[in-house]
Amino acid sequence: MTTEKCFAKGSQTPGPVPKGHIRLYSMRFCPFAQRTRLVLSAKGIKYDTVNINLKDKPEWFLEKNPFGLVPTLETPSGQVIYESPITCDYLDEVYTDKKLLPADPYEKAQQKMMLEHFSKITPYFYKIPVGKNNGEDTSVLEGELKEKLAKLNETLVSKKSKFFGGDSITMIDYMMWPWFERLEMLELKHCLDKTPELQKWTECMLEDHAVKETIHSTDTYKAFYKTYFEGKPNYDYGL
């Protein structure tokens, strides 16, 4: 089964995961869940999607994942995997076609370290819009974000490559992309003004088929996040 509309508390438990497929419990606008959708798409994995109302979670979902977070994967045998980097690593190990993580242990470790560094950047994409929404001065936070993005730009300069893992897209690119996709919606695109290599990277990413399959328009993001910041997220917006 694949559903677009989200399942909420009191909803019926979905049926078993079909043989030969994997199930993704997701939310259409979640950047963390988008990481997993990007990997599923890039690797051509057969999957179905069950979207979850994260403000009013179904009881059956909390039984599968006590944290109640997306993304969560479920296999036909009932195995459950969650946390976005873990789901993506799992998919890359189980589905061996088109490997996204490097085979070389050091290169793989480099990607893990870069992801750890990026995890310190993602909170800015939340703090700045919330601060603006509350009428606060966010110039210091924006300055810090620009510094961190400048370091990512330096990484691309030093690697002399189009992507963070070389001349083709690898796992680290997909792990970072969802937040760059939302820059315009968050009114933070100006933070890339002095990062030319990072700008080129975003342009190259937009040409990728997995990115094209999982992307939402800026207008759609704006409409959803308006409801999100008002405290009444419309997870089914546009359906």
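Just above, that's the structure.
Participant: Any details on the state of the cysteines? Residues and values, ideally.
Facilitator: Counted by the stated rule, this structure contains zero disulfides. Free of any disulfide, C88 has its nearest neighbouring cysteine sulfur in C30, separated by 11 Å. Assessed through its relative accessible area of 0%, C88 is described here as buried.

Participant: An account of the pattern of salt bridges is requested, with residue identities and associated values reported.
Facilitator: Per the stated rule, a full pass over the model turns up eleven salt bridges. Close ionic contact of E4 with R28 constitutes a salt bridge, the shortest N to O distance being 3.4 Å. Placement of the pair is E4 in the segment before strand 1 (22-26) and R28 in the loop between strand 1 and helix 1 (31-43), with a sequence separation of 24 residues. Put simply, E74 and K64 hold a salt bridge, and the shortest N to O gap is 3.2 Å. A residue pair is termed long-range when its members are at least 10 positions apart, and E74 in strand 3 (residues 72-74) and K64 in helix 2 (residues 59-64) qualify at ten residues. Judged by relative accessible area, K64 falls into the partly exposed class, the value being 23%. Look at the salt bridges and you will find they share partners, linking K43, D92 and K99 into a network.

Rules used in this analysis
- Each chain carries its own residue numbering, running from 1 in the written order of its sequence.
- Owing to the predicted nature of the model, reporting of local features is limited to residues with pLDDT of at least 70; listing and counting of side-chain atom pairs is limited to 80 or more, with chain, interface and lining totals taken over all residues.
- To obtain the side-chain values, all non-hydrogen atoms of the structure were included, while hydrogens and water were left out.
- Any pair of cysteine sulfurs within 2.5 Å is marked as a disulfide.
- Exposure is judged per residue with a 1.4 Å probe applied to protein chains only, and the accessible area is read against the type maximum: over 50% gives exposed, under 20% gives buried, and values in between give partly exposed.
- Think of a salt bridge as a Lys or Arg side-chain nitrogen and an Asp or Glu carboxyl oxygen that are within 4 Å of each other.
- Helix numbers and strand numbers start at the N terminus; a helix is a DSSP run of H or I with at least 4 residues, a strand a run of E with at least 2.

No statement about biological role is implied by the geometric values presented.
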